[in-house]
Amino acid sequence: PLRDGEGLVGAAGRQPPQRSGDFPVLPALVDTASDRRHDALGRLRPADPEAYARAWLASSTYASAATASLLTAAWAPERNHDPA
């Protein structure tokens, strides 16, 4: 990536995602990781490792697919849209 005056710019000139909303699986990962409920006596209930593993796997799969897509776009030859 190249650096411009406002931050990183990808090879296609697009800004990288800056908000968690740009990564739809990130809120689920954060929510699952921070889900530590208390029982009636105020003790922490055990975390759900399976839910965290599913959220982590979804995030990892999404990140891998996004990386592959961005790399493909960055290395693809530019198309000449000029009909002349």
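Residues numbered from 1 in each chain as written. Predicted model: local features only at pLDDT ≥ 70, side-chain atom pairs only at ≥ 80, totals over all residues. Heavy atoms only, no water.

K.L.:
Which residues make up the side chain of S59, and what are the values?
P.N.:
Turning to its location among the elements, S59 is positioned in helix α2 (residues 49–75). Using a relative accessible area of 14% as the deciding quantity, one classes S59 as buried. Apart from the residues within four sequence positions on either side, S59 is in contact with V25 and L29. (Helix = DSSP H or I, 4+ residues; strand = E, 2+ residues; numbered from the N terminus. Buried < 20%, exposed > 50% of the residue type's maximum accessible area, 1.4 Å probe, protein only. Contact = heavy atoms within 4.5 Å.)

K.L.:
An account of the environment of W56 is needed here, citing residue identities and associated values.
P.N.:
In this fold, W56 is placed in helix α2. Expressed as a C-alpha distance, the spacing of W56 and L29, which sit 27 residues apart in the sequence, is 6.1 Å.

K.L.:
Go over the pattern of salt bridges with me, naming the residues and quoting the values.
P.N.:
What the rule picks out here adds up to 2 salt bridges. The partner of R37 in a salt bridge is D35, with the nearest N and O atoms 3.2 Å apart. The exposure class of D35 is partly exposed, given its relative accessible area of 33%. Residues R43 and D39 are paired through a salt bridge, measuring 2.9 Å at the closest nitrogen-oxygen approach. Judged by relative accessible area, D39 falls into the partly exposed class, the value being 26%. (Salt bridge = Lys/Arg side-chain N within 4 Å of Asp/Glu carboxyl O.)

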